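A structural walkthrough
Residues per chain are reported as follows:
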Amino acid sequence: RPRVLSGIQPTAGSFHLGNYLGAIRQWVALQETHDAFYCVVDLHAITVAQDPKTLRQNTRVSAAQLLALGIDPEHATLFVQSHVPEHAQLGWVLQCLTGFGEAGRMTQFKDKSARQEAQVGVGLFTYPILQAADILLYQAHHVPVGEDQRQHLELTRDLAQRFNTRYGKTFRLPEAYIVKDTAKIFDLQDPTSKMSKSVPTGVVELLEDPKRGAKKIRSAVTDTGREIVYDPAGKAGVSNLLVIYSALTGRTVDELVAAYEGKGYGDLKKDLGEVYTDFVTPVQERVRHYLSDVSELDKILARGAERAREVAAKTLARAYDRLGFLPAG
Ligand code: TYM
């Protein structure tokens, strides 16, 4: 079976529709056909200051959401990044292989550091290198992510290639797995920018009160004109709603456009609000269920970490050997 690996930050607590449609939905599908590794990346979370209690809670809430959204611990290895120390270890090795300028070209770093009010930490700068370690440790074939991660995947491939050239073939070169239709879900208030918790104007969360989320959908910015058509350049707002609607229902955008012929934006938004509510209500129930027994949840994560470590330790040992490190015992 080919391997997939992906990760998600626990920083915000609740995931949003962009996270689900851009990434997690693919994770769920791929666990059936791939040897899947999915991690909650708490090491990445501390690249900006975190309150310890909140981080601990959000890490569990994140794992609970992944389970509630369909990640099955019998079919996929679900774990917390800090439980597998090899991530930090290989991260260091790869840092020593990365050029300063190369890291500085990462657009997410530029965006994130520009938004940071507090002092920007070095960890934010080396963040994509740790991500490369996450991926390379598992010899992943594919990495299901949203469009915003494409550049990090390119860096990962460059680093794998560089290591292989210098020290002999050690890492598989992974490919980004990006589903075009949902690769970038846009903010509902500003449909020209990506839905993101760091600019939370029109972000619809999975764990917010469904009434509130549906209201955000009903008040989404649409365009002048009346016709419901898919035209991302001319009608960014309506097109974004159609993409979300289609992804949540399995109806194609064309089908939806035909079904809404002669109807108004208000109808579309009202119906999508209901689709969203029907989707998140049982998810929220399952999240509550998983969080009601934290020891069971922690056990799932411990088993995941154990399985992940088996794979990660092998890759790290090989890399250490290739580098010329003396064996420890
Ligand atoms: P993160 O936590 O910001 O986001 C998790 C996933 O959600 C996708 N995503 C979106 N997709 C479509 N539209 C949007 N508006 C949207 N917003 C977010 C992201 O592309 C991502 O797939 N660096 C990663 C976490 C990470 C990782 C990894 C990913 C760490 N190690 C190894 C893959 C492999 C991140 O910050 O994702």
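In this report, we go over the structure that sits alongside the text. (Residues numbered from 1 in each chain as written. Predicted model: local features only at pLDDT ≥ 70, side-chain atom pairs only at ≥ 80, totals over all residues. Heavy atoms only, no water.)

**Considering helix H12 (residues 265–292)**
Turn by turn, an α-helix covers 3.6 residues, leaving residues three or four places apart pointing in a common direction. For H12, spanning 28 residues, the distance from its first C-alpha to its last is 40 Å, which sits close to the expected 40 Å at 1.5 Å a residue. Within the sequence span of H12, burial applies to Tyr265, Leu268, Lys269, Leu272, Gly273, Val275, Tyr276, Phe279, Val280, Val283, Gln284 and Val287. Contacts made by the buried residues of H12 are with helix H1 (17–30), helix H3 (52–68), helix H9 (210–218) and helix H10 (236–249). (Helix = DSSP H or I, 4+ residues; strand = E, 2+ residues; numbered from the N terminus. Expected span 1.5 Å × (residues − 1). Buried < 20%, exposed > 50% of the residue type's maximum accessible area, 1.4 Å probe, protein only. Contact = heavy atoms within 4.5 Å.)

**Quick notes on the nonpolar core**
A general trend in soluble globular proteins is that nonpolar side chains are found buried together. Ranked by internal contacts, the top residues of the largest apolar core, which has 57 residues, are Tyr38 and Leu66. Sorting elements by how many residues they give to this core places H12 first, with nine residues. Residues contacting Leu66, with those up to four places away along its chain left out, are Ile8, Phe15, Ile24, Trp27, Val40, Ile71 and Leu78. Listed in part, the 39 residues of the second largest apolar core include Phe79, Phe109, Ala160 and Ala183. (Core = buried A, V, L, I, M, F, W, Y, C linked by side-chain atoms within 4.5 Å.)

**Considerations on the side chain of Ser113**
You can see Ser113 is positioned in helix H6 (residues 107–115). Residue contacts for Ser113: discarding those within four places in its chain leaves Val120 and Leu124.

**Brief notes about the pairing of strand E3 (residues 76–80)**
Most of E3 is tucked away: five of the five residues are buried. Burial along E3 is two-sided: the face carrying Ala76, Leu78 and Val80 and the face carrying Thr77 and Phe79 are both buried. Sheet topology note: the strand E2 (residues 35–40)/E3 ladder contains five bridges and is parallel. By the bridge assignment for E3, Ala36 is matched with Ala76. (Pairing = 2+ DSSP bridges.)

**Some thoughts on empty space enclosed by the protein**
One pass over the structure, following the stated rule, counts one cavity of 30 Å³ or more. Taken together, the elements giving at least two residues each to the lining of the largest cavity come down to H6 and helix H7 (122–136). Residue composition of the lining of the largest cavity, grouped by class: four nonpolar, two polar and one charged. (1 Å grid on protein atoms, 1.4 Å probe; cavity = no way out; pocket = protein on both sides within 12 Å on 5 of 7 lines; lining within 4 Å. Points joined across faces, edges and corners; volume = space filled by probe spheres on them. Nonpolar A, V, L, I, M, F, W, Y, C, P; charged D, E, K, R; others polar.)

**Quick word on the pairing of strand E1 (residues 3–8)**
The buried fraction of E1 is high, at five of six residues. Bridge count between E1 and E2: six bridges; the pairing is parallel. Its bridge partner lying in E2, Ser6 is registered against Tyr38. Traced from E1 through H1 to E2, the parallel crossover comes out right-handed. (Right-handed = clockwise from strand over helix to strand, strands pointing away.)

**Concerning the packing of H6 against H7**
Orientation of H6 relative to H7, taken along the N-to-C sense of each, is 160°, at an axis distance of 9 Å. Classified by the interaxial angle, the pair formed by H6 and H7 is roughly antiparallel. Viewed along their axes, H6 and H7 form a crossing whose handedness is right-handed. Between H6, through Phe109, Lys112 and Ser113, and H7, the contact on the second element is made entirely by Leu124, Phe125 and Tyr127. Residues belonging to the contact of H6 with H7 are distributed by class as follows: four nonpolar, one polar and one charged. (Axes fitted to C-alpha atoms, helices over the stretch in contact; angles between N-to-C directions. Parallel < 35°, antiparallel > 145°, perpendicular 65-115°, else oblique. Left-handed = near helix turned anticlockwise from the far one by under 90°.)

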